[in-house]
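Analysis of the macromolecular model
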Amino acid sequence: MENFSPVSALIGGALIGLAASLLLLFNGRIAGISGILSGGLFLRKRERLWRLLFLVGMVAGASVYQHIGGGLSEVRTGYPLFLLIVGGVLVGFGTRLGSGCTSGHGVWGLARHSRRSIVATLIFMAFGGVSVYLVRHVFDVLS
Amino acid sequence: MTPLLTAPLSGFVFGLGLTVSQMIDPVKVTDFLDVTGFWDPSLALVMAGALAVTLVCFRLILRRPSPLAAERFDLPTRTDIDVKLIAGAALFGTGWGMTGYCPGPAVASLGLWSFDSLVVLGSILAGVGLHQLLFQSRSG
């Protein structure tokens, strides 16, 4: 628990909640990132454009905070390429198959008391826990 | 034009939140999922902080007949729990634990030029494309 950072976690979380509230208030949409990413790739014209702009905004927000000295102090290096590629494909495929990710199900779905989202969140948290357990403690991959 | 201005604004605040909360650090994420190791509960508070805001704001916003910059609210309506939901969440969770990245941080990290995040984002896009190929050959 030595890396516990409750204050930045709560402030960052509140900003994420604010971002979702802004998108709902103005655009009438739920800010589920996996859905926005997929729509940005495969939808057309206006439906695609706002999604792409949202994603550009995300990159800008993270970059600005990083460049003013907040954000990551060090970037993880030397992590097995195999895990990154296979895991990434599972994240992309799984979030589309399950209609959502940490944001869509884990935050907005829970805020709307959606049964689907509660079930999905419990499942991806549990599988995430098992997956990290296997990677770190069974296969001894450092991270 | 307004919805095309408010979308990047919301995205900007979202990216800021992911960075302030350190969710863009894959080590922070795997530390959270590693309940039997050096457990770091911070990310539970990220979700709690986000939920505290959305629980109140969503209720107030959805009392309006329509959003401010669009004709109507466009919200998910499904309530059924099917095999796809369960299998998808299980696959996603497995990949999340393997990489330390969910889609939001993978996108937001683009500006940080971390090799890990670039590989993961490329792989996520491949996974999304694979799903599109298998289940939705045409889209609207």
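Look up: the structure comes first, before these words.
Just so it is clear, the structure is predicted and the values come from calculations on it, not from any experiment. (Residues numbered from 1 in each chain as written. Chains lettered and ligands numbered in written order. Predicted model: local features only at pLDDT ≥ 70, side-chain atom pairs only at ≥ 80, totals over all residues.)

This next bit is on the overall build of chain A. Within chain A one finds 6 helices and 0 strands. Counting helices and strands in the order they occur from the N terminus, chain A gives α-α-α-α-α-α. The burial tally for chain A puts 58% of its 143 residues in the buried class. A separation threshold of at least 6 residues defines the contact pool for chain A, and within that pool the share at least 24 residues apart is 44%. (Helix = DSSP H or I, 4+ residues; strand = E, 2+ residues; numbered from the N terminus. Buried ≥ 20, exposed ≤ 12 C-beta atoms within 10 Å, placed from the backbone. Contact = placed C-beta atoms within 7 Å.)

A word on the interface of chain A and chain B. Contacts between chain A and chain B engage 102 residues on the former and 106 residues on the latter. Looking at the side of chain A that touches chain B, the elements with two or more residues in it are α1 (6-27), α2 (33-42), α3 (45-67), α4 (81-97), α5 (104-111) and α6 (115-138) of chain A. With 21 residues, the top contributor of residues to the side of chain A that touches chain B is α1(A). In the side of chain A that touches chain B, the residues fall into 63 nonpolar, 32 polar and 7 charged. (Nonpolar A, V, L, I, M, F, W, Y, C, P; charged D, E, K, R; others polar.)

What follows concerns unusual backbone geometry. All names here are of chain A. Phi angles above zero are rare outside glycine, and serine 99 is one such case at about 60°. Counting through the fold element by element, serine 99 comes out in the loop between α4 and α5. Its 22 C-beta neighbours within 10 Å are what place serine 99 among the buried residues. The backbone of histidine 113 shows a phi angle near 55°, a positive value even though the residue is not glycine.

This paragraph deals with the packing of α4(A) against helix α6 (residues 115-135) of chain B. In the contact formed by α4(A) and α6(B), the axes pass within 7 Å of each other and the chain directions differ by 40°. As judged from the angle between their axes, α4(A) and α6(B) are oblique. Regarding α4(A) and α6(B), the two cross each other, and that crossing is right-handed. Taking contact as the criterion, the partners of A:Leu81, A:Leu84, A:Ile85, A:Gly88, A:Val89, A:Leu90, A:Val91, A:Gly92, A:Phe93, A:Arg96 and A:Leu97 in α4(A) are, on α6(B), B:Asp116, B:Val119, B:Val120, B:Ser123, B:Ile124, B:Leu125, B:Ala126, B:Gly127, B:Val128, B:Leu130 and B:His131. Looking at side-chain class alone, the contact of α4(A) with α6(B) contains 15 nonpolar, 5 polar and 2 charged residues. (Axes fitted to C-alpha atoms, helices over the stretch in contact; angles between N-to-C directions. Parallel < 35°, antiparallel > 145°, perpendicular 65-115°, else oblique. Left-handed = near helix turned anticlockwise from the far one by under 90°.)

Moving on to α5(A). Most of α5(A) sits out of view: 7 of its 8 residues are buried. Looking at the buried residues of α5(A), the elements they touch are α1, α2 and α6 of chain A together with α3 (42-61) of chain B. Positive phi appears at A:His113, one or two residues downstream of α5(A), with a value of about 55°.

Right, let's talk about helix α1 (residues 2-20) of chain B for a bit. Its 19 residues place the ends of α1(B) 27 Å apart at the C-alpha level, agreeing with the 27 Å of an ideal helix rising 1.5 Å per residue. When you tally the buried positions in α1(B), you get 14 out of 19 residues, the bulk of the element. (Expected span 1.5 Å × (residues − 1).)

This part takes up the environment of A:Asn27. As for its placement among the helices and strands, A:Asn27 is situated in helix α1. Between the C-alpha atom of A:Asn27 and that of A:Trp50, which follows or precedes it by 23 residues, the distance is 9.2 Å. Among all residues touching A:Asn27, those that are not within four sequence positions of it are A:Trp50, B:Pro3, B:Thr6, B:Ala7, B:Pro67, B:Ala69 and B:Ala70.

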